[in-house]
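# Chains, contacts and geometry: an overview
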Amino acid sequence: MPEPTSSGVAGAAAFKAAGGAAAGGALLSAIVVILMTPPRSTREWAVGLIRTVVTGIGGGAIAVQYFRLQEWVDSVTELVALGGLIFGCGLPD
């Protein structure tokens, strides 16, 4: 069985790291939103959490595509910046 090429392994690692940045940014924005406005019921808490995470990831993906920031997955510092962008997209108005 042939060994995988280094570029394929690096591409897979960058993809996983970008997913981690997206999940981290969306999770942090969800925590901030929940702390800002405590939910009155479990249903309201679940809806707020889902809405914030989906908005953060979806809005962050749109912003990354629009500003062409895909090459920011090359270093840890740039991944943190992408996580911050996704965090900002998940916050309410």
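Each remark here, short or long, concerns the structure printed above.
Residues numbered from 1 in each chain as written. Predicted model: local features only at pLDDT ≥ 70, side-chain atom pairs only at ≥ 80, totals over all residues. Heavy atoms only, no water.

## Points about helix H3 (residues 76–90)
With 15 residues, H3 extends 21 Å between its outermost C-alpha atoms, agreeing within 8% with the 21 Å of an ideal straight helix rising 1.5 Å per residue. All of the buried residues along H3 are Leu79, Leu82, Gly83, Ile86 and Gly90. For H3, the angular spread of the buried residues around the axis is 105°, confining them to a single face. Along H3, the residues that are exposed and aim more than 90 degrees away from the buried face are Thr77 and Val80. (Helix = DSSP H or I, 4+ residues; strand = E, 2+ residues; numbered from the N terminus. Expected span 1.5 Å × (residues − 1). Buried < 20%, exposed > 50% of the residue type's maximum accessible area, 1.4 Å probe, protein only. Arc of directions from axis to C-beta.)

## As for a nonpolar patch on the surface
Together, Leu27, Leu28, Ile31 and Leu35 make up a nonpolar patch on the protein surface, roughly 410 Å² of accessible area in all. Examined against the element boundaries, Leu27 turns out to sit in helix H1 (residues 6–36). Using a relative accessible area of 49% as the deciding quantity, one classes Leu27 as partly exposed. (Patch = residues over 30% accessible without salt bridge, like charges linked within 9 Å, V, L, I, M, F, W, Y side chains within 5 Å. Areas by Shrake-Rupley, 256 points an atom, 1.4 Å probe, with all protein chains shown as cover. Salt bridge = Lys/Arg side-chain N within 4 Å of Asp/Glu carboxyl O.)

## Quick notes on the packing of aromatic side chains
In this structure the tally under the stated criterion is one aromatic pair. Both rings, one in Tyr66 and one in Phe67, keep their centres 4.9 Å apart while their planes meet at 85°; by these two values the pair is edge-to-face. The same class applies to Tyr66 and to Phe67, which are both exposed. (Phe/Tyr/Trp six-rings, centres within 6.5 Å; stacked < 30°, edge-to-face > 60°.)

## Side note on the pattern of salt bridges
Taken as a whole and assessed by the stated rule, the structure comprises one salt bridge. In this structure, Arg40 and Glu44 form a salt bridge, with 3.2 Å as the shortest nitrogen-oxygen distance. Residue classification places Glu44 among the partly exposed positions, given a relative accessible area of 32%.

## Some points on helix H2 (residues 42–66)
Along an α-helix, a turn takes 3.6 residues, which lines up residues three or four apart on a common side. Look at H2: 36 Å from first C-alpha to last across 25 residues, which is about the 36 Å you get at 1.5 Å a residue. Within the span of H2, buried status applies to Gly48, Thr52, Gly56, Gly60, Ala63 and Val64.

## Considerations on the environment of Gln70
Within the secondary structure layout, Gln70 lies in the loop between H2 and H3. On the basis of relative accessible area, Gln70 is assigned to the partly exposed category, the value being 35%. In this structure, Gln70 is in contact with Val64 and Gln65, ignoring residues within four places of it in sequence. Within polar-contact distance, the side chain of Gln70 engages the side chain of Gln65 at 3.3 Å. (Contact = heavy atoms within 4.5 Å. Polar contact = N/O pair within 3.5 Å; in protein donor to acceptor, adjacent residues only side chain to side chain.)

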